[in-house]
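A closer look at the structure
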Amino acid sequence: MIMLTTAVSLKSLKPTCTNGVCNKASTLQIAFFYTSLYTIAIGAGGTKPNISTFGADQFDDFNPHEKELKVSFFNWWMFSSFLGALFATLGLVYIQENLGWGLGYGIPTVGLLFSLFVFYLGTPIYRHKVRKSKSPARDLIQVPITAFKNRKLQLPNNPSQLHEHESQHYINSGKRKVHYTPIFRFLDKAAVKDGNSGMPPCTVTQVEGTKLVLGMLLIWLVTLIPSTIWAQINTLFVKQGTTLDRSLGSSFQIPAASLGSFVTLSMLLSVPMYDRYFVPFMRRKTGNPRGITLLQRLGIGFVIQVIAIAIAYAVEVRRMHVIRMHQIVGPKEIVPMNIFWLLPQFVLLGIADVFNAIGLLEFFYDQSPEDMQSLGTTFFTSGIGVGNFLNSFLVTMVDKITGRGENKSWIGDNLNDSHLDYYYGFLLVMSALNLGAFLWASSKYVYKRETKEVNGGCIEMESNALEISPLGLQV
């Protein structure tokens, strides 16, 4: 951020402008600017997957009071992120446009330095989770290799006959023992005691850790389409808004991009309502400390997102009808339809994110193997990134395919002479099919079950997923 603030502040690092017309940036200016952006990207890649994991690690899973507090942690962590996003979209954007880019980037730079100072102040009192494996990712390679070498062996009828350490091993090491699950059974051959792989057999806990990652990968795949839908907020939704009547009063025009702030506002209002009202209400109904299971939370979010896209499609059909009525064809012509017609889809996507974005972050953290929880939160951030790439790919391909020859492109430069309604219909069908795929994947998923062995032979159960809801739904 210091580099980026410098790039927009120093005259030597900015293109020279005369009467609002700027010269082409020099190679040095371009190189410095992009180096700043890539440095931010590298830094974000290091902090984003770890900061929420580190925060959740401050709670003791085996302390009933702290475990109850941990249920709310991800809700309020994301609430603080949404609050920062709202300040950025409303406050910083205004400062950058009216007071200068240097000040606009300088304020978050000072904020980052201050947060870093506060972080270091708290270093002596943080809980640091001790890694209990030298190479946690090694099992992800060892288990499939061993299972492949033992592929011709017969699995025992009773899973208890598979290789596993004695309880004393887990007491001495402090590791958690993961219980057997009847999914991805081909991997169970890695734990056959009399294998012919030439290597010692893997333990059931090691095999189950690999199964957990495969299960998370399956859920991750069915979250890519929702991430693609989310990317519409800052792309086509905004472009659609520029064609509508944005007047508020006689002299003020609403910036189309500012509608994105309603997504954040709906999130900020929905998080406290979810945490303080919805969870306690559902907890009384289901007996689940989270109110509903993690996959049920994701499923509700995806359903709301499908409804949001259905509304976006209906609004676009209405916009096209108004265009035909008034015979509007020019790209700069304003459609006599108020921009607040777009408000419901923005608000619903914000509410959906309270269920699926926060739910995904908690799911990937909660269901990761003990020493690989940063990998779990990486699933969350990578899903958002891949969703944005998929959105760009879809828009480009749909534009090229539908605009061939004399055909009218669905997503042309002139939205008043395109078929954006067809594209939204395509997204709606894709979202509905993806919801079906999510329901199938959820029905196959088996939540992680761990035990912690303690001295005296006592076993404390940790039911991370809080298994099956009394509602009778796995999702």
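Everything discussed here concerns the structure shown above.
In what follows, the accompanying structure is described. (Residues numbered from 1 in each chain as written. Predicted model: local features only at pLDDT ≥ 70, side-chain atom pairs only at ≥ 80, totals over all residues. Heavy atoms only, no water.)

1. Quick look at the nonpolar core
In this structure, Phe-363 and Tyr-423 are the most contacted members of the largest nonpolar core, which totals 78 residues. Tallying contributions element by element places helix α11 (residues 294–325) first for this core, with 13 residues. Leave out the neighbours within four places in its chain, and Phe-363 touches Met-216, Ile-219, Leu-294, Leu-295, Tyr-445 and Tyr-447. With 11 residues, the next largest nonpolar core counts Leu-162, Cys-202, Val-204 and Val-207 among its residues. (Core = buried A, V, L, I, M, F, W, Y, C linked by side-chain atoms within 4.5 Å. Buried < 20%, exposed > 50% of the residue type's maximum accessible area, 1.4 Å probe, protein only. Helix = DSSP H or I, 4+ residues; strand = E, 2+ residues; numbered from the N terminus. Contact = heavy atoms within 4.5 Å.)

2. Focus: the packing of helix α2 (residues 27–56) against helix α13 (residues 373–402)
Their axes nearest at 8 Å, the elements α2 and α13 cross at an angle of 125 degrees. Between α2 and α13, the interaxial angle falls into the category oblique. With respect to the hand of their crossing, α2 and α13 are arranged in right-handed fashion. Packed against α2, whose contacting residues are Lys-48, Pro-49, Asn-50, Ser-52 and Thr-53, the element α13 presents Gln-373, Ser-374, Thr-377, Thr-378 and Thr-381 at the interface. Of the residues in the contact of α2 with α13, the class split is one nonpolar, eight polar and one charged. (Axes fitted to C-alpha atoms, helices over the stretch in contact; angles between N-to-C directions. Parallel < 35°, antiparallel > 145°, perpendicular 65-115°, else oblique. Left-handed = near helix turned anticlockwise from the far one by under 90°. Nonpolar A, V, L, I, M, F, W, Y, C, P; charged D, E, K, R; others polar.)

3. Things to note about unusual backbone geometry
Of all residues except glycine, most have a negative phi; of all peptide bonds, most are trans. Phi at Phe-184 takes a positive value of approximately 45 degrees, unusual for a residue other than glycine. Assignment of secondary structure puts Phe-184 in the loop between β3 (176–178) and α7 (204–221). Within the chain, Gln-327 stands out as a residue other than glycine whose phi angle is a positive 50 degrees. By the secondary structure assignment, Gln-327 is in the loop between α11 and β7 (335–338). Using a relative accessible area of 68% as the deciding quantity, one classes Gln-327 as exposed.

4. Let's talk about the packing of aromatic side chains
Here the structure, examined in full by the defined rule, presents 24 aromatic pairs. For the ring pair Phe-237 and Tyr-424, a centre distance of 5.8 Å and an interplane angle of 90 degrees mean the geometry is edge-to-face. One end of the pair, Phe-237, is in helix α9 (residues 236–241); the other, Tyr-424, is in helix α14 (residues 420–444), and 187 residues separate them in sequence. Comparing Phe-237 with Tyr-424, the two get one shared label, buried. Between the aromatic rings of Trp-410 and Tyr-422, the centroid separation amounts to 5.6 Å while the plane-to-plane angle is 80 degrees, which identifies the pairing as edge-to-face. A residue pair is termed long-range when its members are at least 10 positions apart, and Trp-410 in the loop between α13 and α14 and Tyr-422 in helix α14 qualify at 12 residues. Here the aromatic cluster, defined as three or more aromatic residues joined through ring pairs, consists of Trp-220, Phe-363, Phe-364, Phe-379, Tyr-445 and Tyr-447. (Phe/Tyr/Trp six-rings, centres within 6.5 Å; stacked < 30°, edge-to-face > 60°.)

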